[in-house]
Amino acid sequence: MWYRLGQFILRNRIVLLTILLAATLAMGYYAKEVKLSYEFTRAIPTDNPKYQDYQMFLKRFGGDGNTMVIGFDNDRFFTPRYFNAVAALQDSLKKVIGVTGVLGIPDLVNLVNDADSQQLKPVKIFHAPYESQAQLDSARTLFERLPFYRTLVYSPGNNAYLMGVSVNGDTINSKSRTRLIGDIMQQVSRFEKQTGDTVHTSGLPFIRTTIGNRIKDEMNWFLVGSLVLSAITLLLFFRSISAMVMSLVVVGAGVVWSLGTIVLLGYKITLLTALIPPLIVVIGVPNCIYFLNKYHTAYRDTGDKEKAIVTMVGRMGIVTLFCNIAAAIGFAVFALTHSALLQEFGAVAGINIMALFLISLIFIPAVLSFLPAPKNRHTRYLDNPFLEKVLVKIERWTFHHARWVYGVTAVLTVLAVMGIFRLRSEAFIVDDLPKKDKIYTDLKWFENNFGGVMPLEILVDTKKKNGLLRSTAAISRIDELSAYIDASPETARPLSFAEGLKFAKQAYYDGDTLSYAIPYEGDLAFMGPYLRQKGGQGTSSGVSKLINSFMDSTKQMARITVNMKDVGSVRLPQLIHDFEQKAAQIFDTANYHLTFTGSSITFLEGSSFIIRGLKESIFWAFLLITLCMLYLFRSVRILVCSLIPNLVPLVITAGVMGWVGIALKPSTVLVFSIALGIAIDVTIRFLINYKQELPHYNQQVSQTLVQTIRHTGISIIYTSLVLIAGFVIFCFSDFGGTKALGWLTSLTLVVGTLTNLILLPVLILHFQQKKRPK
C-alpha cells in the first residue's frame, strides 16, 4: 500500500503540490486574523462552583483585580518638593485613557460634620502644590489622626506610601491593556526621572499585562530561534542547502496551518497555544530527518532516485504516520479535560501534528523528485565513524552486558522513585519569575509593607432585603471577621462598609480618634440623617458613596475586600479554610451565607485545575498510545518491550524534579505529555524497522537487532539531537517554568534516546529468547 502511495505521489506531484500550496495560502489568510486572549478565568470550567461564585460577584459589584498600585519608599515624602511631584503624578495619571480613578494621599479627604445641613461633608486634607513645610506638616498631622487611612495608603514607621490606580475592566482584558499599562508607566518613569527616586509598581493588572507581554515576546524569539537552530543542525547533518530549506518549508507550513487552525476553530492565542508554533517546528523536523535519511540510504543502495523516493515512502510512511499519531495523542488528550484552555491546546496541537504528517508526506517526495540526485557529500553522514563506534558499543552492551544494563536501569529507577516522593504540587501567581526580577521584588515590597496586593473578596449575604442596616448585628459580625483576617500575617487590613461607618462615626463626633469604632444602635439613630443621600447636595461623593460601594443595591449583600500575599496554591486553601471556620463561628448559617471569591482564588484554582487536567491527560495518553502500539505490533511481548523504555525516562525526570525541588505546575507537568508523545516516536521507528527487517534475516533476532541498531541508530541520534536543540532554546527563558520545560524535556529526550537504543534491544533479545521453544 505505502509503496503504491509513493508512486501515486510521484505521478500526481504537480497537482498535489498545487493543492498543498493553495491550502497553505488559505491557512495563511486565516492565520493573519489570529488574536491574543486576555481572559485568565478560562482555565476553569463554567460549571465550577468557584467560577460561578466569581461571576456572581462580578455581576453584583462589577469586578476586582482592576487596581494597579504604585509604592513610594522615601523619608522625604512629606517635603514640599517631593509631595508636589506625587500630586503632579496623580493628576497626570487621571488623564490617562483607561484609568477610572486614582487614590493617592494628595487627594484624600476628611469627613467634616456640618450640623446645619446634617451632612458629613468631604473636605480635602491636602492642597498641593505646597511652598511651606509648616502648612504641609499641619495637613500631615490631621491626616495621621485618621485611622481609616492607616495601613491602607501608608505604613506607619516604614516611610512606605501607596497610590492606587483603578483601570477600566474591559480595557485591561483587551489588547489595549499594553497601551494602558505603558501610558501609566510612562508617567511613573517621568516622576522617577524628576525626583531621582525609584518607585515600586504592582497589582494584578500590571503583573498580568507585563508577564503576558514578556511571554508573547519570548515565544516569538523562541519560534525564530528554534527555526535557526533546526536549520543549522540540518545543514551540519545533511551538508545540503536544499535539504535544509525543504525541511524549513515543511515546518513553516506547519506553523501557518497551526495559526490558521486556531482562527478556524474560533480560538485565540493563550499562554498554552502560544507554545504550539515552536513545538510544531521541533516535532516537524524529525519527520523530515527520517524521510531524508531513508531516501539517502535507499539511493545509496539502489542508485535510482525514483526508486529511492518510492522506497522512502513505502518504508517510512507507516512509521511516520504512527509516530505522528502517538505524538498527536500525547497532545490531543488535553481536549478530554474540562478546561477550555487545555481543550483548545489539545485540539489545535493534535490536529496540526497530523497535518504536519500530511504536509511532509506530500511535499518531501514531490520536491525530491524535482531535485538532482544526492551527491556523495550529502550521504557522507551515513558513515560517521564516531557514531558507528557508538553503535558498535551499543551492540556489545546488548549481547554481552545485559545484566549491567538492567542493573544501571534499576538503580536509576529506584533513585528516581525516591525523588518522586519528594515532589510537591504548588503554584504561585509570580513563581516563574527570577527572585531578582523587579516585578517579584516590588511585589514582595508591597507584601512586607501593606500585606499584599492579590485580591480576595468575601460576600456576606443576609438573605433579606436591607438586612445589613436593620441592626448593628451584621455590622459587628463583619467587623469581627475583618479583625480576625487583619491579624493574619498573610493579609492586609480588610475593607468593608463597616470601616466606612467607623470613619463616619469619627467624623460625627468631630474627628475624635477614640470614636473610630462600630456605631451602637443609638449612634445609628442620630447618624441616620447624615448617612442618607440628599439629592443635589453632593453627598453621594462623600461617606454614602464610600459605604454604598461595599453593599449591593438592595442592602442585602456586603463585600469584604482583602488584599493578600501571593501565598500559593497550597497555603491559600488552608488560609481560606481557617477564615471559613472563623466565619462559621461568627455568622449563624440560618441568617447569613458567606462566599469566598476573587481573582486570586480563580487564578490559583485555574492553575490547580490545569495541573489536575494534565495529570489525567498523561494517563489517557499512555493508555491510548498503549492501545495504538498493541494494534501496530499485535504482540504483548513487544508491547511490554516498547513501554518500559518510555516509562523509565518519565520516572527519572519526575525523580530529578523531586530531588532538585521543582514543583508540579502547568509548565512542568506539560513536560511529561510532550516527552511521552515525542519519545515514543523513537520506539515506534526502531520496532517497525526491526519488524520490517526480521523476515529478511529468517526471523533471526540477533542479526536483525544488529541491522536495526546500525540502520536506525544514526537517524535516531540525529533526530534526538535536533529535538534536544529545539527544546534547549527554552532554557534561555526569563521564566522558571519555561526554563524548566526546556531542560526537563531535553533531559527526558536524552534518557529516552539512551533507553531506546540500549535498553530496548536488550528487552527484545530477552523476551524473544524466552519465546523460543526449549
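Please refer to the structure higher up on the page.
Residues numbered from 1 in each chain as written. Predicted model: local features only at pLDDT ≥ 70, side-chain atom pairs only at ≥ 80, totals over all residues. Heavy atoms only, no water.

Trainee: Which residues make up the overall build of the protein chain, and what are the values?
Mentor: Looking only at helices and strands, the protein chain features 26 helices and 10 strands. Seen through its principal axes, the protein chain has C-alpha atoms that stretch 110 × 55 × 45 Å. Partitioning the contacts of the protein chain with sequence separation of at least 6, the portion at a separation of at least 24 is 79%. Counting every atom, the protein chain has about 32800 Å² of accessible surface; 59% of that belongs to carbon and sulfur. Of note, the protein chain has its 75 positive side-chain charges centred 12 Å away from the centre of its 54 negative side-chain charges. (Helix = DSSP H or I, 4+ residues; strand = E, 2+ residues; numbered from the N terminus. Contact = heavy atoms within 4.5 Å. Areas by Shrake-Rupley, 256 points an atom, 1.4 Å probe, with all protein chains shown as cover. Lys, Arg positive; Asp, Glu negative; His and termini not counted. Charge placed at Lys NZ, Arg CZ, Asp CG, Glu CD.)

Trainee: Kindly report on the packing of helix 14 (residues 385-400) against helix 25 (residues 701-728), identifying the contributing residues and their values.
Mentor: Taken N-terminus to C-terminus, the directions of helix 14 and helix 25 make an angle of 140°; their axes are 10 Å apart at the nearest point. As far as their axial angle goes, helix 25 and helix 14 are oblique. For helix 14 against helix 25, the interelement crossing comes out right-handed. Between helix 14 and helix 25, the contacting residues are L387, L391, I394, E395, T398 and F399 on the first element and S702, L705, V706, I709, R710, G713, I714, I717 and Y718 on the second. Among the residues forming the contact of helix 14 with helix 25, the class breakdown is 10 nonpolar, 3 polar and 2 charged. (Axes fitted to C-alpha atoms, helices over the stretch in contact; angles between N-to-C directions. Parallel < 35°, antiparallel > 145°, perpendicular 65-115°, else oblique. Left-handed = near helix turned anticlockwise from the far one by under 90°. Nonpolar A, V, L, I, M, F, W, Y, C, P; charged D, E, K, R; others polar.)

Trainee: Report on the sheet that holds strand 10 (residues 593-597), specifying residues and quantitative values.
Mentor: The antiparallel open sheet is built from 3 strands, whose spatial order is 9-8-10. Each edge of the open sheet is held by one strand with a lone partner, namely strand 9 (557-564) and strand 10. Sheet twist, expressed as the mean angle between neighbouring strand axes with direction ignored, is 20°. Where strand 8 (residues 454-461) lies against strand 9, 8 bridges are found, and the strand directions are antiparallel. Residue pairing in the sheet places M454 in a bridge with M564 of strand 9. Contacting strand 8, strand 9 and strand 10, helix 17 (residues 473-486) crosses the sheet at an angle of about 10° to strand 9. (Pairing = 2+ DSSP bridges.)

Trainee: How would you explain a positive patch on the surface if you had to name every residue and give the values?
Mentor: Positive charge collects at one region of the surface, where R239, K375, R377 and R380 lie side by side. Looking at where R377 falls in the secondary structure, it is placed in helix 13 (residues 376-379). R377 gets classed as partly exposed once you look at its relative accessible area, which sits at 41%. (Patch = residues over 30% accessible without salt bridge, like charges linked within 9 Å, V, L, I, M, F, W, Y side chains within 5 Å. Salt bridge = Lys/Arg side-chain N within 4 Å of Asp/Glu carboxyl O. Buried < 20%, exposed > 50% of the residue type's maximum accessible area, 1.4 Å probe, protein only.)

Trainee: Go over the side chain of N74, please, and point to the residues and values.
Mentor: Relative to the helices and strands, N74 resides in the loop between strand 1 (67-73) and helix 4 (80-94). Reaching out from N74, the side chain makes a polar contact with the side chain of D197 at a distance of 3.3 Å. Excluding anything up to four places from it in sequence, N74 contacts Y82, N159, Y161 and D197. (Polar contact = N/O pair within 3.5 Å; in protein donor to acceptor, adjacent residues only side chain to side chain.)

Trainee: Any details on helix 2 (residues 13-31)? Residues and values, ideally.
Mentor: For helix 2, built from 19 residues, the straight-helix expectation of 27 Å at 1.5 Å per residue is met to within 8% by its first-to-last C-alpha distance of 26 Å. Among all positions of helix 2, only L16, L17, L20, T24, M27 and A31 are buried. Taken end-on, helix 2 shows its buried residues confined to a sector of 95°, consistent with a single buried face. The outward face of helix 2, more than 90 degrees from its buried face, is lined by the exposed residues I14, I19, L21, L25 and Y29. (Expected span 1.5 Å × (residues − 1). Arc of directions from axis to C-beta.)

Trainee: Now, about helix 15 (residues 402-420): what can you tell me, with residues and values included?
Mentor: With 19 residues, helix 15 should reach 27 Å at 1.5 Å per residue; the first-to-last C-alpha distance of 27 Å fits that figure. Inspection of helix 15 places V405, T409, A416 and G419 among the buried residues, and these make up the whole buried set. Projected onto a plane normal to the axis of helix 15, the buried residues spread over an arc of 80° and lie on a single side. Along helix 15, exposed side chains directed more than 90 degrees from the buried face belong to R403 and W404.

Trainee: Outline the nonpolar core, supporting the account with residue identities and numerical values.
Mentor: Within the largest apolar cluster, 249 residues are counted, with the highest numbers of intra-cluster contacts made by F72, I105, F126, F143, Y149, I184 and F497. Ranked by the residues each element gives to this core, the list is headed by helix 12 (residues 340-370), at 17 residues. Discounting chain neighbours no more than four positions away, the residues touching F143 are F78, I105, L108, I125, F126, Y149, V153 and Y154. If you look at the next biggest cluster of nonpolar residues, it comprises 5 residues, including Y54, F57, F61 and L459. (Core = buried A, V, L, I, M, F, W, Y, C linked by side-chain atoms within 4.5 Å.)

Trainee: If you had to explain the pairing of strand 3 (residues 109-114) to someone new, which residues and values would you point to?
Mentor: Sheet analysis places strand 3 next to strand 4 (residues 119-124), joined by 6 bridges and oriented antiparallel. Paired with V112 across the bridge in strand 4 is K121. Counting the residues between successive antiparallel strands, the hairpin from strand 3 to strand 4 contains 4 residues, one of them, Q118, with a positive phi of roughly 50°.

Trainee: So, the environment of D523: which residues are in play, and what are the values?
Mentor: Within the fold, D523 resides in helix 19 (residues 521-531). What makes D523 buried here is its relative accessible area of 9%. Considering only alpha carbons, one finds D523 and K505, 18 residues apart in sequence, at a separation of 7.8 Å. If sequence neighbours within four positions are ignored, D523 has contacts with K505 and Y509.

So far we have only geometry, and geometry alone does not tell us how the molecule works.
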